[in-house]
Amino acid sequence: KLENLGEEKFQARVSGASSDVGAIYAYRKPDQTITRESLCKHFDWNPTKPIVGVFSSCWSDYPHLFGMDNFLNFHELIQATIRVASNKPDCNWLFKAHPCESWYDGVRMADLFQFDEYPHVRQSNLWWSGVDVLNAVDSVVTCHGTVGVEAAVLGKPVLMAERGWYDEADIAHRANSRSDYGQLLGEYWPSVDDLAAKQQNARLLAGVFWGRPDWQAGFLMSDDSRQWEIYQDGNQLIRGNMGVIDLEIDWIRNWYQSGHPYYHVYKMLGASEYAVA
């Protein structure tokens, strides 16, 4: 059930039906479609070479939230990745800026790095469809971004440069150090991955992370990107879900007494049925 739920939630994200701001900017924009063939033609790449997709984190995020210690920050990580990629012309390297760059409207990856020095190292165009780019690349490199889960659900090999919220879920290969990361990039690491098992684990994780129990029904918080608009719905949300809130309080009490570290995971693993929408 969780695997099926994870697949449904993944499809909702890449089809533009998800409401969180990252998915909206990644998959809901009216972007230009792209294929692997047209991508290689656009950059004059040899299509027989593997394409490594390097997906940048949002510069406004907290880099050390999950224990980041291989690199000082996201900028240093991208800088080190470009350094390795520039010396590895047997792969084509596509760097993709985080979709929320458009939402935050601050410093962009294109402002910080040059992608015209090496013909096999390029940056993805902002107007290309996010899911098309994900389908076009052969493997994905991320610090600990959500794209790692999405890529693994598609059966793509994923390399994490750092610890993150899913590095223990066995959906990706995590670098143990800065030198280990550079070596894994240089050796084209995806050839050793057990992708089928990681894909199954990714569907399970997606189901747990993006799903909710069926009893939760319409009691769902808005994405915090709505900011002050959230409070306009507050009274209606509470008054229309008093029974659900009572049940939620019971679950919170049981979770606290259980010692389980994550409330949502505890709640999902204790449910027998899940909400579809």
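Look up: the structure comes first, before these words.
Residues numbered from 1 in each chain as written. Predicted model: local features only at pLDDT ≥ 70, side-chain atom pairs only at ≥ 80, totals over all residues. Heavy atoms only, no water.

Caption draft 1: Geometry of helix 9 (residues 178-186). Here helix 9 has its buried residues at D180, Y181, L184 and L185. Down the axis, helix 9 shows its buried residues gathered within 135° of arc, on one side only. (Buried < 20%, exposed > 50% of the residue type's maximum accessible area, 1.4 Å probe, protein only. Helix = DSSP H or I, 4+ residues; strand = E, 2+ residues; numbered from the N terminus. Arc of directions from axis to C-beta.)

Caption draft 2: Quick peek at the pattern of salt bridges. Under the criterion given, the structure shown has 13 salt bridges. Note that R174 and D167 form a salt bridge whose closest N and O atoms lie 3.1 Å from each other. For D167, a relative accessible area of 18% translates into the label buried. Overlapping salt bridges bring together R226, E229 and D233 as one network. (Salt bridge = Lys/Arg side-chain N within 4 Å of Asp/Glu carboxyl O.)

Caption draft 3: Representation of the pairing of strand 4 (residues 139-142). Where burial is concerned, the two faces of strand 4 agree: the one with S139 and V141 and the one with V140 and T142 are both buried. Taken together, the 3 bridges between strand 1 (residues 51-55) and strand 4 define a ladder with parallel strand orientation. Counted as the bridge partner of G53 is V140 from strand 4. Relative to strand 5 (residues 158-160), strand 4 runs parallel, the two being bridged by 3 bridges. Note on strand 5: the bridge partner recorded for V140 is V158. In this fold, the crossover linking strand 4 to strand 5 by way of helix 8 (residues 147-153) has right-handed handedness. (Pairing = 2+ DSSP bridges. Right-handed = clockwise from strand over helix to strand, strands pointing away.)

Honestly, that's just the spatial picture; any functional story needs more than this.
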